[in-house]
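Coordinate analysis (summary)
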Amino acid sequence: MDKEVAETIKFVKQTLKTAEAGHDWFHVERVYKTALNINKTAAADAAVVSFAALLHDIADSKFHGGDEKLGPEVAKVFLTSIEVSPKIIDHVVKIIQHMSFKNSFDTTPFSSKEMDVVQDADRLDAIGAIGIARAFTYGGFKNRLLYNPDIPPELNHTKDSYKNTTAPTINHFYEKLLLLKDGMKTEAGKVLATERHQFMLNFLDQFYKEWEGN
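The residue numbering used here restarts from 1 in each chain and proceeds along that chain's sequence as written. The predicted nature of this model means local features are confined to residues of pLDDT at least 70 and side-chain atom pairs, given and counted, to a pLDDT of 80 or more, with totals for whole chains, interfaces and linings taken over all residues. Hydrogen atoms and water are omitted, and side-chain values are computed over all heavy atoms in the structure.

Some details on helix α3 (residues 46-55)
Our working rule: Any residue under 20% of the maximum accessible area for its type is buried, any over 50% is exposed, and the rest in between are partly exposed; the area is computed with a 1.4 Å probe on protein chains only. Each helix corresponds to a stretch of at least 4 residues labelled H or I by DSSP, and each strand to a stretch of at least 2 residues labelled E; elements are numbered beginning at the N terminus. Any two residues having at least one pair of non-hydrogen atoms within 4.5 Å are treated as being in contact. The term polar contact refers here to a pair of N or O atoms within 3.5 Å; inside protein, the definition further demands a hydrogen-donor-capable atom paired with an acceptor-capable atom, and it admits residues adjacent in sequence only when both atoms are side-chain atoms.
Across the ten residues that make up α3, a large majority, nine, are buried. Along its buried surface, α3 packs onto α1 (2-15), α2 (25-42), α4 (70-81), α5 (86-98) and α6 (113-124). Put simply, Asp 45 is the residue that caps the front of α3, since its side-chain oxygen is 3.0 Å from the backbone nitrogen of Ala 47.

Printed below as a string of C-alpha cells:
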C-alpha cells in the first residue's frame with residue numbers, strides 16, 4: 001500500500017493547499033503520524049488507519065456549508081480512482097462519517113479499532129499546545145471574541161447548537177477540548193492526552209490571571 005499512501009498524501013496536500021491553518025495539510029500530517037504512533041500498540045489495520053487519517057478532513061463540513069456527505073464522498077471517489085479495495089474504502093468512509101466530535105452528540109452506529117486509533121489521533125491534535133493554537137486560529141478565522149466573562153460556556157449542546165455556535169474561543173475549552181481526555185479509546189491515546197490536558201489547564205490559569213491584569 002506504500003504507493004497508494006504516497007498518492008493519497010499528494011492528493012491531500014494539493015486539495016488542502018489553501019485550507020484554514022488549523023485544518024490544513026500540516027494538521028492532517030500530524031494526525032497521520034500520531035495515528036501511526038498509536039497503532040504501534042493498538043495493532044489495527046494499518047492501511048485503513050493510514051487512509052482514514054490522511055482523508056479525514058479532505059472536505060470538512062465546517063468549510064463546505066455544513067455538508068457532512070461531501071468528505072466521505074470525495075474520499076470514496078479518490079480511493080476508488082487509485083484502486084484501493086472496496087472493503088478498505090467502505091471502512092475508511094465509515095470512519096470519516098462517524099469520527100468527528102459533533103457526531104458524539106448522536107448515537108454512533110459504527111465503531112472499530114481503526115476508528116479508535118484515528119479518532120484519538122485527531123482529538124490529540126485538538127488539545128495541548130497545538131490544540132490551543134488551533135482553537136484561536138479558528139476563532140480568528142470566524143472573527144470570534146477571545147473571551148467574554150458575560151457569556152458562559154454552553155454545557156448542554158445538541159449537535160446543531162454545537163455546529164452553529166458563535167461563542168468566544170475560551171468557551172470552546174469547556175464545550176469540547178477539556179472533555180476529550182476522558183474520551184480517549186486507546187491506551188497510547190490516554191497517556192498522550194493526560195499531559196496535553198494538563199497543559200491546557202495551566203494555560204487557562206495563566207489566561208485568567210492576565211485577563212485580570214495580574
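Considering unusual backbone geometry
Backbone geometry at Glu 83 places phi at a positive 65 degrees, although glycine is not the residue there. Structurally, Glu 83 can be placed in the loop between α4 and α5. A residue is classified by how much of its surface remains accessible, and Glu 83, at 71% relative accessible area, is exposed. In this model, Asn 143 sits at a positive phi of 60 degrees, which is unusual for a non-glycine residue. Among the secondary structure elements, Asn 143 is positioned in the loop between α7 (128-141) and α8 (159-163). Taking relative accessible area as the criterion, Asn 143 reaches 72% and is therefore assigned exposed.

Focus: α6
Stated precisely, the cut-off is as follows: To estimate the expected span of a helix, subtract one from its residue number and multiply by 1.5 Å.
With twelve residues, α6 should reach 16 Å at 1.5 Å per residue; the first-to-last C-alpha distance of 17 Å fits that figure. Counting buried positions along α6 yields eleven of twelve residues, so the element is predominantly enclosed. Every buried residue of α6 is accounted for by Glu 114, Met 115, Asp 116, Val 117, Val 118, Gln 119, Asp 120, Ala 121, Asp 122, Arg 123 and Leu 124. Residues of α6 that are buried make contact with α2, α3, α5 and α10 (187-211).

Points about the packing of α1 against α4
Quick note on the threshold: Only the stretch in contact is used when fitting a helix axis, every axis being a line fitted to C-alpha atoms; angles between N-to-C directions are given from 0 to 180 degrees. Roughly parallel means an angle under 35 degrees; roughly antiparallel means over 145; roughly perpendicular covers 65 to 115; every other angle is labelled oblique. If you view the pair so one helix is near and one far, a crossing is left-handed when the near helix is turned anticlockwise from the far one by less than a right angle, and right-handed when it is turned clockwise. In this classification, the charged set is Asp, Glu, Lys and Arg, the nonpolar set is Ala, Val, Leu, Ile, Met, Phe, Trp, Tyr, Cys and Pro, and all remaining amino acids, among them Gly, are polar.
Taken N-terminus to C-terminus, the directions of α1 and α4 make an angle of 135 degrees; their axes are 11 Å apart at the nearest point. Judged by the inter-axis angle, α1 sits oblique to α4. Helix-helix and strand crossings are classified by hand; for α1 and α4 the assignment is right-handed. Contacts between α1 and α4 involve Glu 7, Thr 8 and Phe 11 from the former and Val 74, Phe 78 and Leu 79 from the latter. For the contact of α1 with α4, the class distribution of residues is four nonpolar, one polar and one charged.

Some details on the packing of aromatic side chains
Threshold: Pairing of aromatic rings covers Phe, Tyr and Trp, the last through its six-membered ring, and needs centres within 6.5 Å; plane angles under 30 degrees mean stacked, over 60 mean edge-to-face, and all others mean tilted.
Considering all chains together, one arrives at eleven aromatic pairs under this definition. Residues Phe 136 and Phe 203 carry aromatic rings whose centres are separated by 6.0 Å and whose planes lie at 65 degrees to one another, so their mutual orientation is edge-to-face. Here Phe 136 is found in helix α7, whereas its partner Phe 203 is found in helix α10, with 67 residues between them in sequence. The exposure class of Phe 203 is partly exposed, given its relative accessible area of 24%. Geometrically, the ring pair formed by Tyr 138 and Phe 141 is stacked, given 6.1 Å between the ring centres and 25 degrees between the ring planes. Of this pair, Tyr 138 and Phe 141 both sit in helix α7, separated by three residues, roughly a single helical turn. Of the residues examined, Tyr 138 reaches a relative accessible area of 14% and is grouped as buried.

Considerations on the pattern of salt bridges
The following threshold applies: Criterion for a salt bridge: a side-chain nitrogen of Lys or Arg within 4 Å of a carboxyl oxygen of Asp or Glu.
Summed over all chains, the structure comprises eight salt bridges. Note that Asp 125 is salt-bridged to Arg 30, the shortest N-O span being 2.7 Å. Of this pair, Asp 125 sits in the loop between α6 and α7 while Arg 30 is found in helix α2, placing the two residues 95 residues apart along the sequence. What emerges from the salt-bridge pattern is a single network uniting Arg 30, Asp 125 and Arg 134.

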